[in-house]
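Coordinates in review
Below are the chains, spelled out letter by letter.
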Amino acid sequence: MDAGLLIQYLIIAVAVLVSAWVVLKKQAPGTVRKLRGALALALLGPGRAAWLQALGRKIAPPATGGGGACGGCDSCGPTPPKQH
């Protein structure tokens, strides 16, 4: 395989993966949060190299608040007006 063709395939593969990640983040944020948490826990395991643990801390999803009045689903937004 020609080196130029291989580079093109790699660039296209990276673009497809980034696009799929963006769509997944927009359409299924809860799933993305669970995936990030599972991956971070795997990287933070005991006996892992320091750089893997650092990567796990960066990948880990941010901590949620106490949940507040809405239950903590992280999808707060304007509520529609009530119909009479």
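Residues numbered from 1 in each chain as written. Predicted model: local features only at pLDDT ≥ 70, side-chain atom pairs only at ≥ 80, totals over all residues. Heavy atoms only, no water.

A word on the overall build of the protein
What the protein contains, in helices and strands, is 3 helices and 0 strands. At a minimum sequence separation of 6, the contacts of the protein that also span at least 24 residues come to 27%. Total accessible area on the protein is roughly 7,100 Å²; 67% of this is exposed by carbon and sulfur atoms. (Helix = DSSP H or I, 4+ residues; strand = E, 2+ residues; numbered from the N terminus. Contact = heavy atoms within 4.5 Å. Areas by Shrake-Rupley, 256 points an atom, 1.4 Å probe, with all protein chains shown as cover.)

A look at the UniProt feature "transmembrane region" (unreviewed entry) in the protein
UniProt feature "transmembrane region" (unreviewed entry): in the numbering of this structure it lies at residues 6-24. Each end of residues 6-24 is marked by a C-alpha atom, and these two atoms are 27 Å apart; helix forms 100% of the span and strand 0%. (UniProt positions renumbered as here; feature names shortened; annotations may be inferred.)

Observations concerning the packing of helix α1 (residues 3-27) against helix α2 (residues 29-43)
Axis separation between α1 and α2 bottoms out at 5 Å; the angle between their running directions is 115°. Two secondary-structure elements touch here, α1 through Trp 21, Leu 24, Lys 25, Lys 26 and Gln 27 and α2 through Pro 29, Val 32, Leu 35 and Arg 36. Among the residues making up the contact of α1 with α2, the classes are represented as 5 nonpolar, 1 polar and 3 charged. (Axes fitted to C-alpha atoms, helices over the stretch in contact; angles between N-to-C directions. Nonpolar A, V, L, I, M, F, W, Y, C, P; charged D, E, K, R; others polar.)

Re the environment of Gln 53
Topologically, Gln 53 is positioned in helix α3 (residues 50-59). Using a relative accessible area of 22% as the deciding quantity, one classes Gln 53 as partly exposed. Setting aside chain neighbours within four positions, we find Gln 53 in contact with Leu 43, Leu 44, Gly 45 and Arg 48. A polar contact is formed between the side chain of Gln 53 and the backbone oxygen of Gly 45, at a distance of 3.4 Å. (Buried < 20%, exposed > 50% of the residue type's maximum accessible area, 1.4 Å probe, protein only. Polar contact = N/O pair within 3.5 Å; in protein donor to acceptor, adjacent residues only side chain to side chain.)

What about a nonpolar patch on the surface?
Taken together, Met 1, Leu 5, Leu 6, Tyr 9, Leu 10, Ile 12 and Val 16 make up a surface patch of nonpolar side chains, about 730 Å² in accessible area. Residue Leu 10 is classed as exposed on the basis of its relative accessible area, which comes to 51%. (Patch = residues over 30% accessible without salt bridge, like charges linked within 9 Å, V, L, I, M, F, W, Y side chains within 5 Å. Salt bridge = Lys/Arg side-chain N within 4 Å of Asp/Glu carboxyl O.)

Regarding the packing of α2 against α3
Put simply, α2 and α3 touch, their axes get as near as 8 Å, and they point 160° apart. Considering their axes alone, α2 and α3 lie roughly antiparallel with respect to each other. Here the hand of the crossing between α2 and α3 comes out left-handed. Contacts between α2 and α3 involve Arg 36, Leu 39, Ala 40 and Leu 43 from the first element and Leu 52, Gln 53, Leu 55, Gly 56, Lys 58 and Ile 59 from the second. Of the residues in the contact of α2 with α3, the class split is 6 nonpolar, 2 polar and 2 charged. (Parallel < 35°, antiparallel > 145°, perpendicular 65-115°, else oblique. Left-handed = near helix turned anticlockwise from the far one by under 90°.)

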